[in-house]
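Architecture at a glance
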Amino acid sequence: MKQHPLCTDCENPVTPFDLPIPAGLKREWAAVETRRRFLGRSGKVLGWAALAGLFGELGLRSFANGADINSVSADGRNNLGLPHFAPRAKRAIYLFMSGGPPQMDLFDYKPNLASQFNQDMPASVRGNQQLTGMTAGQAHFPVAPSHWPFGQHGETGAWVSSLLPYTARIVDDLTLIKTTNTDAINHEPAIMLMNTGNMNAGKPCLGSWLAYGLGSMNDNLPTFIVLQTKTNPKENNQPVSSRLWSSGFLSSEYAGVGMRSDGDPVLYLADPAGVDRNVRREMLDTVEQINRQALAEVGDPETNARIAQYEMAFRMQSSVPELTDLSKEPQSTWDLYGPEARQPGTFAYNCLLARRMAERGVRFTQIYKRGWDVHGDVVGVLPTLCQETDRGTYALVTDLKRRGLLDDTLVIWAGEFGRTVYSQGGLTQDNYGRDHHPRCFTTWMTGGGVRPGISYGETDEYSYNVVKDPVHVRDFNATILHCLGIDHSKFTYKFQGLDQKLTSPVPAHVVQGLLA
């Protein structure tokens, strides 16, 4: 046998455990240094080394110790240097119409289509544009004019469908964008692109970017809250998943917090029987001590997020019941929002909650309303969708305006794409269907930072192509960030060797014509 204890050609190979090391230390090695543990710790060490190079020693120390990177300095900026300039809006409420509302049936009035009923849309209009598999095989593309009349409203004389009588009352407050367009023709990539700036999952959504960049205005409620409206079984409800409000590669504390439409708004909010507040507080303090030991040992920044989320959950046990207690709302509130606002999970109820969240300093609230995927039976389904959303939308904007909150709140109304002017499937005088259409669709904003009472952009006579002032979804998101005081080109996060941002590496521009 060789004399050197670590020779590779020894008859009886030895390991580090055979070296003259105290027995207690050997037992500790055996307990903690499994292969998975070793690789996990090694990866984190390398990660911290990379962070040290990015942030410098001082920044890294404050990050590891749980310092608030969004603390505000004397000049009004946080440690990320945000906002870049004085914002017109402090918060945002996003009304997301999932499925793709048909723009020519709601806002994009095309009176000349009536004379072209059931005529083939000219091939020159469609050109070589991509179609979905649902209509690509159709022999004909018959024009389907809107089934409903339009009227001019407000001092601006904007055209609005008779399906939206309440929204028509606030048209002078709206910034209508007729030429929003996207790159995706199917739901999942389109809704991902609209919300995260990328068609692939794993990127932070708009709300998470704002939570990360601007921080909280209320320590007792989440910075970013998501509300889902109850579905109607008569509607074509495309699935909506939590990756639409995911924080992606940002810390999990910036992800949207979903509130349920049935039962308790947040699961496990109430303490179990026999557990009072003091016991809960002692338990959380003990868990925090364990987490801080793990942080000191491993150095994983997500441990800070875990500590923060436990504390937020504790505070939400008091703040959420107060938020959702509508018993003190005056009768004028119910007169404005209508009787549906008393039913949890309805769109009107969620709009009322969004107003209460705005009052309490929630930075970003997003309301999802599914069902707009009207491939067929437009005449049967669209009136129901409009009835479910029209009054709540009007009430929210009106309520914010009455309370002086609209001046510094940005309200956004949008879907992931529009619909085709030609009918999908059979066309009759009484009904039709509409396929996905990414080339142009109508969205709107109102409130802090945007010009009220304008209609921006023009589409052709078929509401099929943009002819003036296109607004890509990247430009749409860049403009939203601008209203909140953020220069989208400078608002980045280093990940996988890239300066990641909401508007993606593809050039995007703030639409100056939309700004107040």
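In this text the structure is predicted, and so the values were computed from the model without any measurement. (Residues numbered from 1 in each chain as written. Predicted model: local features only at pLDDT ≥ 70, side-chain atom pairs only at ≥ 80, totals over all residues. Heavy atoms only, no water.)

When its secondary structure is counted, the chain shows twelve helices and 17 strands. Across the 516 residues of the chain, 50% fall into the buried class. Within the chain, contacts between residues separated by at least 24 positions form 77% of all contacts whose residues are at least 6 apart in sequence. Surface summary for the chain: the accessible area is close to 23,800 Å², and the carbon and sulfur share equals 52%. (Helix = DSSP H or I, 4+ residues; strand = E, 2+ residues; numbered from the N terminus. Buried < 20%, exposed > 50% of the residue type's maximum accessible area, 1.4 Å probe, protein only. Contact = heavy atoms within 4.5 Å. Areas by Shrake-Rupley, 256 points an atom, 1.4 Å probe, with all protein chains shown as cover.)

In this structure, the second largest pocket occupies an estimated 330 Å³ of space. Elements that contribute at least two residues to the lining of the second largest pocket include exactly strand 6 (257-259), helix 7 (277-298) and helix 8 (302-324). Top contributing element to the lining of the second largest pocket by residue count: helix 8, with five residues. Each residue belonging to the lining of the second largest pocket can be placed in one class, and the counts come to eleven nonpolar, two polar and two charged. (1 Å grid on protein atoms, 1.4 Å probe; cavity = no way out; pocket = protein on both sides within 12 Å on 5 of 7 lines; lining within 4 Å. Points joined across faces, edges and corners; volume = space filled by probe spheres on them. Nonpolar A, V, L, I, M, F, W, Y, C, P; charged D, E, K, R; others polar.)

Turning our eyes to something else, we now look at empty space enclosed by the protein. For the coordinates displayed, the defined rule picks out three cavities of 30 Å³ or more. Its volume calculated, the largest cavity comes out at about 60 Å³. Lining the largest cavity we find Leu 106, Phe 107, Leu 164, Thr 167, Trp 372, Thr 389, Asp 390, Thr 393, Trp 413 and Trp 444. The biggest single contributor to the lining of the largest cavity is helix 11 (residues 378-402), with three residues. Within the lining of the largest cavity, the residues separate by chemical class into six nonpolar, three polar and one charged.

The subject of this paragraph is the packing of helix 10 (residues 347-359) against helix 11. Following both chains from N to C, one finds helix 10 and helix 11 inclined at 20°, their axes separated by 8 Å at the closest point. With respect to their mutual orientation, helix 10 and helix 11 come out roughly parallel. In this structure, the crossing between helix 10 and helix 11 has a hand that is right-handed. Only Glu 388, Thr 389, Gly 392, Thr 393, Leu 396, Asp 399 and Leu 400 of helix 11 make contact with helix 10, whose side of the interface consists of Phe 347, Ala 348, Cys 351, Ala 354, Arg 355 and Ala 358. Looking at side-chain class alone, the contact of helix 10 with helix 11 contains seven nonpolar, three polar and three charged residues. (Axes fitted to C-alpha atoms, helices over the stretch in contact; angles between N-to-C directions. Parallel < 35°, antiparallel > 145°, perpendicular 65-115°, else oblique. Left-handed = near helix turned anticlockwise from the far one by under 90°.)

Along the chain, the position of Gly 76 falls in the loop between helix 2 (35-64) and strand 1 (91-97). Among all residues touching Gly 76, those that are not within four sequence positions of it are Leu 82 and Pro 83.

In this section: the packing of aromatic side chains. Between two aromatic rings, the relevant description is the distance of the centres plus the angle of the planes. Taken as a whole, this structure holds 20 aromatic pairs when the rule is applied. Judged by centre distance (4.8 Å) and plane angle (25°), the ring pair of Tyr 109 and Phe 150 falls under stacked. With a gap of 41 residues between them, Tyr 109 in the loop between strand 1 and helix 3 (123-126) and Phe 150 in strand 2 (residues 150-153) connect regions that are remote in the sequence. Grouped by ring-pair contacts, the aromatic residues Trp 209, Tyr 212, Phe 249, Tyr 254, Phe 491, Tyr 493 and Phe 495 constitute a single cluster. Directly above the aromatic system of Phe 314 lies the positively charged group of Arg 281, at a separation of 4.7 Å from the ring centroid. (Phe/Tyr/Trp six-rings, centres within 6.5 Å; stacked < 30°, edge-to-face > 60°. Lys NZ or Arg CZ within 6 Å of the ring centre and 35° of its normal.)

All chains considered together, the criterion is met by 25 salt bridges. For Arg 280, the salt bridge identified is with Asp 271, shortest N-O distance 2.8 Å. On the accessibility criterion, Arg 280 (17% relative accessible area) is buried. On the basis of relative accessibility, which here comes to 23%, the residue Asp 271 falls in the partly exposed class. (Salt bridge = Lys/Arg side-chain N within 4 Å of Asp/Glu carboxyl O.)

Counting buried positions along helix 6 (residues 206-214) gives nine out of nine residues, so the element sits mostly inside the fold. Residues Leu 206, Gly 207, Ser 208, Trp 209, Leu 210, Ala 211, Tyr 212, Gly 213 and Leu 214 constitute the buried set of helix 6. Phi turns positive, to about 75°, at Gly 215, one or two residues after helix 6.

Turning next to unusual backbone geometry. Across the junction of Leu 82 and Pro 83, the peptide omega takes the value -5°, indicating a cis bond. Along the chain, the position of Pro 83 falls in the loop between helix 2 and strand 1.

Moving on: the nonpolar core. If you look at the biggest cluster of nonpolar residues, it comprises 62 residues, and the most contacted ones within it are Leu 95, Leu 106 and Leu 382. Among the elements of the structure, strand 1, strand 3 (158-161), strand 5 (224-228), helix 8, helix 9 (331-337), helix 10, helix 11 and strand 8 (409-414) are those that each provide at least two residues to this core. Ranked by residue count, the leading element in this core is helix 11, at eleven residues. Setting aside its immediate chain neighbours within four residues, Leu 382 contacts Pro 102, Asp 105, Leu 106, Trp 148, Leu 163 and Trp 372. (Core = buried A, V, L, I, M, F, W, Y, C linked by side-chain atoms within 4.5 Å.)

Here the focus is the confidence of the model for the chain. Looking at the chain, pLDDT values average 89 and 85% of them are 70 or higher. Counting interchain partners and residues more than four positions distant, the pLDDT-below-50 stretch residues 1-6 has eight contacts. pLDDT under 50 marks residues 55-67. Its contacts with residues more than four places away, or in other chains, come to 16 contacts. (pLDDT = per-residue confidence, 0-100.)

A separate point is the side chain of Thr 333. Positionally, Thr 333 belongs in helix 9. Every residue in contact with Thr 333, bar those within four places of it in the chain, is listed here: Leu 352, Arg 355 and Arg 403.

Quick look at the pairing of strand 9 (residues 418-423) now. Buried residues dominate strand 9, accounting for six of its six residues. Where strand 9 and strand 10 (residues 434-437) come together, three bridges link them in antiparallel fashion. Bridging across to strand 10, Ser 423 finds its partner in Arg 434. (Pairing = 2+ DSSP bridges.)

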